[in-house]
Amino acid sequence: SSDVCSSDLAFIFTKCAGPCPLVSSEMKKLQDATKDIPLRLVSFTVDPDRDTPEVLQYYADKLGADPERWWFLTGDKPTIFGLVRNSFKMIVDEAENPQPGFEVIHSIEIMHVNAEGVVVGRYNARNELHMARLKKVVQGKMEPAEAQRLNALPTDAVPTDATAAATEGGPD
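An account of the accompanying structure is given in this report. It should be emphasised that the depicted structure is a prediction, and the values quoted were computed from it without experimental measurement.

The rules behind each value
Residues numbered from 1 in each chain as written. Predicted model: local features only at pLDDT ≥ 70, side-chain atom pairs only at ≥ 80, totals over all residues. Heavy atoms only, no water. Phe/Tyr/Trp six-rings, centres within 6.5 Å; stacked < 30°, edge-to-face > 60°. Helix = DSSP H or I, 4+ residues; strand = E, 2+ residues; numbered from the N terminus. Buried < 20%, exposed > 50% of the residue type's maximum accessible area, 1.4 Å probe, protein only. Arc of directions from axis to C-beta. Contact = heavy atoms within 4.5 Å.

Focus: the packing of aromatic side chains
- In this structure the tally under the stated criterion is 4 aromatic pairs.
- The interplanar angle of 80° and the centroid separation of 6.1 Å between the aromatic rings of Y59 and F72 together place this pair among those described as edge-to-face. Highlighted residues: Y59 in helix α2 (residues 53–63) and F72 in strand β3 (residues 70–73), separated in sequence by 13 residues.
- Taking the relative accessible area as the measure of exposure, Y59 reaches 11% and is therefore buried.
- Judged by relative accessible area, F72 falls into the buried class, the value being 15%.

Structural data, given as C-alpha cells:
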C-alpha cells in the first residue's frame, strides 16, 4: 500500500549538549529533501524520564518537524534501552557522574530501515559523505548495500571514480 515506506531512525534526547542537535539537524535536512518521497522519520528519546511527550512536542515544533512524517517517540527506559541495544545493536547507557547535557551515552548514527522493517543502513550524522549517501538511498539513486560498502571505506582512502560519482553527485 502507499503508506508502506522506508524509515530513518535516530536516538536523541532534548537536553543533550553533545551531538543530538546535529543529529536532529540532519534529520530535518532529510525531511526537507524528501518532501515528495514516502519516508517516515523517527526520533526516539534515550532520556524518557525527562523527555515527556510535551517536551518532545516542544522540541519537534522548534525543529520544524512535520508531524505527519517525523515522529518523536518515548516510552519507559528499560524498553527503549532494550530496543536500542537488542533490535538496533547500538550503544546506549547512562553516563557515570554526568555533566548536564551529557547524561546518556548513545550512538549518533541514523538508521535506514526498509519497508519490511529491516535495518539496511547505518549513517554517521557527523559524516557529510554518509549523509549524502543516505539522501541518495532515500531518493532511490543508490542501493543501500552500495552506500554501506562506501561507508565502510577508510575515511582517508583515495576515492575511485565510482566512489567520487556516488558521493559528489556524479552520474545517477
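Structural notes on α2
- When we look at burial in α2, the residues that qualify are L56, Y59 and A60. Seen end-on, α2 carries its buried residues on one side only, within an arc spanning 100°. Away from its buried face, by an angle of more than 90 degrees, α2 presents the exposed residues E54, Y58, D61 and K62.
- In the stretch just after α2, G64 is the one whose phi turns positive, near 80°.

Structural notes on the environment of C5
- Inspection of the secondary structure puts C5 in the segment before β1 (6–12).
- C5 sits 32 residues away from I37 along the chain, and the two C-alpha atoms are 8.7 Å apart.
- Once residues within four sequence positions are removed from consideration, C5 is found in contact with P38, L39, R40, N114 and A115.

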